[in-house]
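These are the residues of each chain, in order.
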Amino acid sequence: PKQPVKVLVTGAAGQIGYAIVPMIARGLMLGPDQPVVLHMLDIPRMADALNGVRMELVDAALPLLRGVVTTSDEAEAFQGVNFAVLIGGWPRKEGMERKDLIAKNVAIYKSQAAALQQHAAPNCKVLVVANPANTNALVLKEFAPVVPAKNISCLTRLDHNRALGQIAEKLGVHVGDVRNAVVWGNHSSTQFPDASHATARTEHGERPVAELVADEKWLSEEFVSVVQQRGAAVIKARKQSSSLSAASAACDHMRDWVLGTPKGTWVSMGVYSDGSYGVPDGIFYSFPVTCEKGEWSIVQGLQIDDFARSKMELSANELDEERSMAYEFVST
Ligand code: NAX
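None of the values given here were measured: they were computed from a predicted structure. Position numbers for residues start from 1 in each chain and track the written sequence from start to end. Per-residue local features of the predicted model are confined to residues with pLDDT of at least 70, and side-chain atom pairs are confined, for both listing and counting, to 80 or more; whole-chain, interface and lining totals are unaffected and use all residues.

J.: Which residues make up the UniProt feature "domain: Lactate/malate dehydrogenase C-terminal" (unreviewed entry) in the protein chain, and what are the values?
T.: UniProt positions are given in the numbering used here, feature names are shortened, and annotations may be inferred rather than shown by experiment. As annotated by UniProt and renumbered to match this structure, "domain: Lactate/malate dehydrogenase C-terminal" (unreviewed entry) occupies residues 156-329. Elements are defined by DSSP. Helices are runs of H or I of four residues or more, strands are runs of E of two residues or more, and each kind is numbered from the N terminus. Taken end to end, residues 156-329 is 47% helix and 20% strand, and its first and last C-alpha atoms sit 25 Å apart.

Here it is as structure tokens:
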């Protein structure tokens, strides 16, 4: 039997936290044979709510769950953790500028970087969910220089899964038969959901989505904007932001990273750019990746046309701006 691993969830008293902890404790993130100890961090004001979540986890009688630590102390939260899912952050309130949001979260991620570097297990794998996710991941990397950059990632899998979902609905096929969409760039409305490499399994074999859809305008306009705006559409409908889908995507992201992507299938992950596809380095950018033995690598050699290139640059430029803003707050 496997030894238990420690999984940290920050912002664990929040919406996504509430959705994700039972998923992790049921093996959806690390496999059905992997026991886990959950570390749950939230701010002191949320201590009662966090304790309530702990009570519910006890009440759920989950056999894989070998322990729960609830705390508002970062050092205790990061102590010995093998995996960290960072969902906690300063929420965007109405009328709040992106700059203010970045300032608040730079402070949080700077402090968590120190805790990560000092207290987490060596080779801890980190997934940043909290927005601005790409830039929070960058702040974490900058302030945890001992942690290899390849161990830090941010979530764009929700956008990737949304893209697969839209394609499946359009074609009337099962979502499990669609693969290899790509989400490029920032987890924001400048992201570029790209269906031009995607395929779908049909009764006539695996075929390019572009061929099956046969609607250039849908692929380059409607599909792109629906995926980009899907988060806003969920908020409008639910009066709350995406939670179960975000939690599910975070499990998919970690599971594929740790256990590997299926052969011939790639997924989207926000990772530290190495300059692939002409994307500037020094930013966290969403790329198509495959994973094997706990390591991701960027899929190389995909054809990028001028349309895709301009969309990819737009998102890289936004990330560059976010980085400048973040650095401004770091130095003050
Ligand atoms: P909630 O506001 O419900 O939960 C956030 C939790 O974080 C709260 O309980 C809060 O007390 C806690 N928190 C605040 N500061 C903290 C700190 N310094 N340390 C630990 N915990 C802290 O938000 P929720 O809907 O759960 O969303 C969480 C984050 O995910 C937000 O930043 C949101 O924007 C982001 N999202 C990112 C997505 C992605 O695909 N990358 C999609 C979903 C989501 O919008």
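J.: Can you explain the sheet that holds strand β10 (residues 199-202)? Please cite residues and give values.
T.: What links the strands of a sheet is backbone hydrogen bonding, and the strands pair in either a parallel or an antiparallel sense. In short, DSSP must find at least two bridges between two strands for them to pair. Across the sheet, three strands lie side by side as β7-β10-β11; this open sheet has antiparallel pairing. Each having just a single partner strand, β7 (178-179) and β11 (205-208) make up the two edges of the open sheet. Two elements, β10 and β11, share four bridges in a ladder whose sense is antiparallel. Pairing of Ala200 across the sheet is with Arg207, part of β11.

J.: Can you explain the pairing of β10? Please cite residues and give values.
T.: Two elements, β7 and β10, share two bridges in a ladder whose sense is antiparallel. Along β10, the bridge assignment pairs Val178 with Ala200. Between β10 and β11, which pair antiparallel and follow one another directly, the connecting turn spans two residues.

J.: Which residues make up the site of the ligand, and what are the values?
T.: Here, nearness is defined through the C-beta atom: a residue counts as near a molecule or strand if that backbone-placed atom lies within 6 Å of it. Close to the ligand lie 28 residues, the nearest being Gly11, Gly14, Ile16, Gly88 and Asn131. With three residues, helix α1 (residues 15-25) is the single largest residue contributor to the shell around the ligand. Looking at side-chain class alone, the shell around the ligand contains 15 nonpolar, 12 polar and one charged residues. Here the term charged refers only to Asp, Glu, Lys and Arg, the term nonpolar to Ala, Val, Leu, Ile, Met, Phe, Trp, Tyr, Cys and Pro, and the term polar to all other amino acids, Gly among them.

J.: Provide a residue-level description of the packing of helix α6 (residues 157-171) against helix α10 (residues 244-259), including the pertinent values.
T.: With axes taken as lines fitted to C-alpha atoms, and helix axes fitted only over the stretch in contact, angles between N-to-C directions fall between 0 and 180 degrees. Packing of α6 against α10 leaves a shortest axis separation of 8 Å and a crossing angle of 105°. Relative to α10, the element α6 lies roughly perpendicular. Between α6, through Arg157, Leu158 and Asn161, and α10, the contact on the second element is made entirely by Ser245, Ala246, Ala249, Asp252 and His253. When its residues are assigned to classes, the contact of α6 with α10 shows three nonpolar, three polar and two charged. Throughout, the term roughly parallel applies to angles under 35 degrees, roughly antiparallel to angles over 145, roughly perpendicular to angles from 65 to 115, and oblique to all others. Placing a C-beta atom from the backbone of each residue, one calls two residues in contact when those atoms lie within 7 Å.

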